[in-house]
Amino acid sequence: MLRFKKNDLCIEQVKLSDIAKQYGTSAYIYSKNQIIKNFEAYKKALGSKGGFICFACKTNSNGAILKLLAGIGAGADTTSGGEIYRCLKAGFNPSKIVYAGVGKTSEEIEYALKSKIFMFNIESFEELDAIDNIAGKMKVKAKISFRINPYVNPDTHSYIVTGRKGTKFGIPYEDAVKAYLTAKKKKNVAIVGIHSHIGSQILNIAPFKLAAQKIKKIVDAVEKNGIKLEYINCGGGLGIEYEEGQKVPDPSQLMLELFPVFDKDKKFIFEPGRSIIGNAGHMLIKILYRKISGGKSFLITDAGMNDLIRPTLYEAYHEIMPIKKTNAKKVKTNVVGPICESGDFMGKDRMLPMIEQGGHLLVTCTGAYGAAMSSEYNSRPLLPEVLVDGNKAVLIRKRASYKDLLLNEI
Ligand code: LLP
């Protein structure tokens, strides 16, 4: 929902230059209607199949965004007690909260049980024991699935592949049936389904389908042993178009391929994160200084790697564009931050118009894993977040202050 109106780049109806004036930079800006559109595409694709769409809230855990998604029927995919807490506060129905993660602590397990979440995605035999014990002490039954590692290796950055053999994630494929047989003997767990998540920013459906086919074999073997698996949780992972021309499958194409793999009576859970919020959020930044050094051009901005770590951590590409149309000559330049590390960049060797000092740029598609992965490194307070709906821009997180940096210090 970014488009130029005359000379001004707008998010929905609001000029980004007005947001910069009102809230300052750097700042994260989100389009409410893009989030709704992205979520509705999943909901429509799931149709009457049964099951639900759980927003992977690790991608963006701002309370206003969570509340928006809870309000339009989303469930939540969580990975910590803190995420469960945020989701409950934001109004998610606990019966639509799923909880994955290789290292759930006893406190987190207890909190999840107390909160009556829908189910745990269990990732090891020892975690099964822990959940069974804690549920026993609390005199409740824990609803569980196993996260199975299907040994599928999607084509994406190696740090965000999770379904490959040899990663820490899930129950090893060869132990999957044994896990279910072990769980069947436990008194305090109820088996409801099966889960797999193979990675993130995946741009083709083939690895999802391969994973589903491998999971189906486990479902058949488990059900032969008298254990019914009601829910198939296909995880998240669908990519988005970071670079112009990147072909991205949509949720309906994904589901069209996956549903026929399983028997008709199955219900489905999907855990999209990036494909819900990624292209709905952008980071608005200001050019502080310009310089040429060693024959290279640099735009030094007010956003650092602490605000957006993806370019340096995953060599991720985010398109960067000026927020005003200009006839200024384009030059090859590096968009960098103020932090004393060579990895502190938003984009390298980009053809950008030579904008004036004080001008603004937009680092696009940073809604997912942008603010959520930001830190106070270099004692830089966390950025404000703004949600735009039509012609209204509302602050949903205020800019942190220097005082906030000392919060909790003794
Ligand atoms: N479900 C589980 C169990 C996950 O581990 C993840 C993401 C998701 C769902 C959501 O995946 P998505 O639909 O967003 O691809 N920080 C990295 C991405 C890490 C993904 C971790 N797991 C990045 O900035 O690219």
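All values reported here derive from a predicted model rather than from experimental measurement.

Q: What should I look at first to understand the overall build of the protein in this one?
A: Summing up its helical and strand segments, the protein has 12 helices and 21 strands in all. By the compact-globule yardstick of 22 Å for 410 residues, the protein fits well, its C-alpha radius of gyration being 23 Å. Viewed in the frame of its principal axes, the protein has a C-alpha envelope of about 70 × 50 × 40 Å. Each of the 410 residues in the protein was classed as buried or not, and the buried ones make up 54%. Of the contacts formed within the protein by residues at least 6 apart in sequence, a portion of 69% connects residues at least 24 apart. If you sum the accessible surface of the protein, you get close to 18,600 Å²; carbon and sulfur atoms cover 51% of it. Side chains of the protein carry 60 positive and 41 negative charges; the gap between the two charge centres is 3 Å.

Q: Would you mind showing me how to read the environment of Lys178 here?
A: For Lys178, the location among the structural elements is in helix α7 (residues 176–184). In this structure Lys178 comes out as exposed when scored by relative accessible area, which is 52%. Separated by 44 residues in sequence, Lys178 and Val222 place their C-alpha atoms 8.8 Å apart.

Q: Hey, could you run me through the nonpolar core in this one?
A: One recurring pattern in soluble globular proteins is that nonpolar side chains are buried together. Among the nonpolar cores identified, the biggest contains 93 residues, and Ile35, Leu69, Phe92, Phe120, Ile144, Phe146 and Phe270 are the most heavily contacted of them. Element by element, the count of residues in this core is highest for helix α8 (residues 206–224), at 7 residues. Setting aside residues up to four positions removed in sequence, Phe270 forms contacts with Leu46, Phe52, Ile53, Cys54, Cys234, Gly235, Leu254, Met255, Leu258 and Phe259. Counting 15 residues, the second-largest nonpolar core is a separate cluster that includes Ile19, Leu284, Leu362 and Val386.

Q: So what exactly am I meant to see when it comes to the environment of Gly63 here?
A: Mapped onto the fold, Gly63 is located in helix α3 (residues 63–71). Given a relative accessible area of 35%, Gly63 falls into the partly exposed group. In this structure, the C-alpha to C-alpha distance between Gly63 and Gly347, residues 284 residues apart in sequence, is 29 Å.

Q: Quick question: what am I supposed to make of the site of the ligand here?
A: As a structural note, the neighbourhood of the ligand is formed by 19 residues, with Ser200, Glu271, Arg310, Tyr314 and Tyr369 the closest of them. Note that an oxygen atom of the ligand is positioned 3.0 Å from one of the side-chain N or O atoms of Lys58. Between an oxygen atom of the ligand and a side-chain N or O atom of Ser200, the distance comes to 2.4 Å. For the ligand, the protein covers 92% of the area, taking 590 Å² as the surface of the free molecule. If you map the ligand onto the pockets, it falls in the largest pocket. Taken together, the residues of the shell around the ligand break down into 6 nonpolar, 7 polar and 6 charged.

Q: Help me understand the packing of α8 against helix α9 (residues 251–258) in this model?
A: Working note: a packed helix pair is described by the angle between its axes plus the distance between those axes. At a closest axis distance of 9 Å, the pairing of α8 and α9 adopts a crossing angle of 30 degrees. If you check the angle between α8 and α9, you find them roughly parallel. In the crossing of α8 with α9, the sense of the turn from one axis to the other is right-handed. Where α8 approaches α9, its residues Phe208, Lys209 and Ala212 are matched on the opposing element by Leu254, Glu257 and Leu258. Of the residues assigned to the contact of α8 with α9, the class counts are 4 nonpolar, no polar and 2 charged.

Reading the values: rules and limits
- Starting afresh in each chain, residues are numbered from 1 along the sequence in its written order.
- Per-residue local features are limited, in this predicted model, to residues with pLDDT of at least 70; the limit for side-chain atom pairs, both in listing and counting, is 80 or more; totals at the level of whole chains, interfaces and linings are taken over all residues.
- Only hydrogens and water are removed before side-chain values are computed, so all heavy atoms of the structure are retained for them.
- Going along the chain from the N terminus, every DSSP run of H or I of four or more residues is numbered as a helix, and every run of E of two or more is numbered as a strand.
- As defined in this context, the radius of gyration uses C-alpha atoms, and a globule is described by 2.2 Å times the residue total to the power 0.38.
- We call a residue buried when its accessible area falls under 20% of the maximum for its residue type, exposed when it is over 50%, and partly exposed in between, using a 1.4 Å probe and counting protein chains only.
- Any two residues having at least one pair of non-hydrogen atoms within 4.5 Å are treated as being in contact.
- For the accessible areas, the method is Shrake-Rupley and the probe is 1.4 Å, while residue cover comes only from the protein chains on display.
- We score Asp and Glu as negative and Lys and Arg as positive, and we do not count His or the chain ends.
- In plain terms, the charge of a residue is placed at NZ if it is Lys, CZ if Arg, CG if Asp and CD if Glu.
- Here, nonpolar core refers to any group of buried Ala, Val, Leu, Ile, Met, Phe, Trp, Tyr and Cys residues whose side-chain atoms link them within 4.5 Å.
- One heavy atom suffices: a residue is near a molecule or strand as soon as one of its heavy atoms comes within 4 Å of it.
- In the analysis that follows, any N or O atom pair within 3.5 Å is treated as a polar contact, provided that within protein one partner can donate a hydrogen and the other can accept it, and provided that, for residues neighboring in sequence, both atoms belong to side chains.
- A pocket, in this scheme, is an open set of points on a 1 Å grid over the protein atoms alone with protein on both sides within 12 Å along at least 5 of 7 lines, while a cavity is a set where a 1.4 Å probe fits but cannot get out; residues line either one if an atom lies within 4 Å of a point.
- The way we define it, a molecule is inside a pocket or cavity when more than half of its atoms are within 2 Å of that pocket's grid points.
- When residues are grouped by polarity, Ala, Val, Leu, Ile, Met, Phe, Trp, Tyr, Cys and Pro land in nonpolar, Asp, Glu, Lys and Arg in charged, and all others, Gly among them, in polar.
- Each axis is a line fitted through C-alpha atoms, taken for helices only over the stretch in contact, and angles between the N-to-C directions span 0 to 180 degrees.
- Geometric relationships in this document are graded by angle, where less than 35 degrees denotes roughly parallel, more than 145 denotes roughly antiparallel, 65 to 115 denotes roughly perpendicular, and other angles denote oblique.
- Crossing handedness follows the turn of the near helix against the far one: under a right angle anticlockwise gives a left-handed crossing, and clockwise gives a right-handed one.

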